[in-house]
Amino acid sequence: SQEWGTLFAGLSSNNFHDGLAWDLLVKHWDVVYREWGQSQFRMKGIVSDAMSACKDPSVAKKFFEDHPCDVAKLTIRQQLESMTANKQLEEASSAAEGCAQQLLTEF
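These numbers come from a predicted model, not from an experiment.

For the structure shown, the criterion picks out four salt bridges. One salt bridge in this structure joins Lys-61 and Glu-65, with 3.7 Å as the shortest N-O distance. Remark: Glu-65 and Lys-61 occur in helix α5 (residues 57-66); sequence separation between them is four residues, near one turn of the helix.

What follows is the structure, encoded as structure tokens:
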């Protein structure tokens, strides 16, 4: 159980297993929380790494509403803000790219 932080960090940065860190946290939340739920240092790292692998901020928000983690509350809020901003930026970028493609085909 001491290596869980390393496990989540590794999974979140592994491009071949996109989303696996988040899936692992959700699937094994009870065990993770039981082992590390009172350790602010560990839980902040685990939660942050796992959330970086989640693509949908609404899914993460709902999960932590149903599974609160007081020691990582600030980390969760910061990650949700970051995820929401990234999603909005991706959507805006995609829309701008679509407009640019349309302009190119019209001329």
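Time to look at the confidence of the model for the protein. Low pLDDT marks stretches whose predicted atomic positions should not be read closely. For the protein, per-residue confidence averages 86 on the pLDDT scale, and 90% of positions sit at 70 or higher. Mean pLDDT in the protein bottoms out at helix α1 (residues 4-12), which sits at 79, and peaks at α5, which reaches 96.

Burial in helix α2 (residues 20-27) covers these residues: Ala-21, Trp-22 and Leu-25. Along the axis of α2, the buried positions cluster into a sector of 100°, meaning they face one direction only. Residues of α2 that are buried sit in contact with α1, α3 (29-36), α4 (40-51) and α5.

What follows deals with the packing of aromatic side chains. Enumeration over the complete set of coordinates arrives at six aromatic pairs. Taking 5.8 Å as the distance between ring centres and 85° as the angle between the ring planes, the aromatic pair formed by Trp-29 and Phe-64 counts as edge-to-face. Here Trp-29, found in helix α3, pairs with Phe-64, found in helix α5; they are 35 residues apart in sequence, far enough to count as distant. For the pair shown, Trp-29 and Phe-64 are each scored as buried. Residue placement shows Arg-42 over the ring face of Trp-36; its charged tip is 4.8 Å from the ring centre.

This next bit is on the nonpolar core. Core analysis: the largest hydrophobic core is formed by 23 residues, its most contacted members being Trp-22, Leu-25, Met-43, Met-51, Phe-64 and Ile-76. Residue contributions to this core peak at five residues, all from α4. The contact partners of Leu-25, leaving out residues within four places of it in the chain, are Phe-8, Val-32, Ile-46, Ala-50 and Phe-64.

Our focus in this paragraph is the side chain of Thr-75. On the secondary structure map, Thr-75 appears in helix α6 (residues 73-106). What makes Thr-75 buried here is its relative accessible area of 11%. Here Thr-75 is in contact with Lys-44, Val-47 and Ser-48, once residues within four sequence places are set aside.

As a packed pair, α2 and α4 sit with axes 7 Å apart at the nearest point and diverge in direction by 125°. As judged from the angle between their axes, α2 and α4 are oblique. Where α2 abuts α4, its residues Ala-21, Trp-22 and Leu-25 lie against Ile-46, Asp-49, Ala-50 and Met-51. Its residues placed into classes, the contact of α2 with α4 shows six nonpolar, no polar and one charged.

Calculation criteria
- Residues numbered from 1 in each chain as written.
- Predicted model: local features only at pLDDT ≥ 70, side-chain atom pairs only at ≥ 80, totals over all residues.
- Heavy atoms only, no water.
- Salt bridge = Lys/Arg side-chain N within 4 Å of Asp/Glu carboxyl O.
- Helix = DSSP H or I, 4+ residues; strand = E, 2+ residues; numbered from the N terminus.
- pLDDT = per-residue confidence, 0-100.
- Buried < 20%, exposed > 50% of the residue type's maximum accessible area, 1.4 Å probe, protein only.
- Arc of directions from axis to C-beta.
- Contact = heavy atoms within 4.5 Å.
- Phe/Tyr/Trp six-rings, centres within 6.5 Å; stacked < 30°, edge-to-face > 60°.
- Lys NZ or Arg CZ within 6 Å of the ring centre and 35° of its normal.
- Core = buried A, V, L, I, M, F, W, Y, C linked by side-chain atoms within 4.5 Å.
- Axes fitted to C-alpha atoms, helices over the stretch in contact; angles between N-to-C directions.
- Parallel < 35°, antiparallel > 145°, perpendicular 65-115°, else oblique.
- Nonpolar A, V, L, I, M, F, W, Y, C, P; charged D, E, K, R; others polar.

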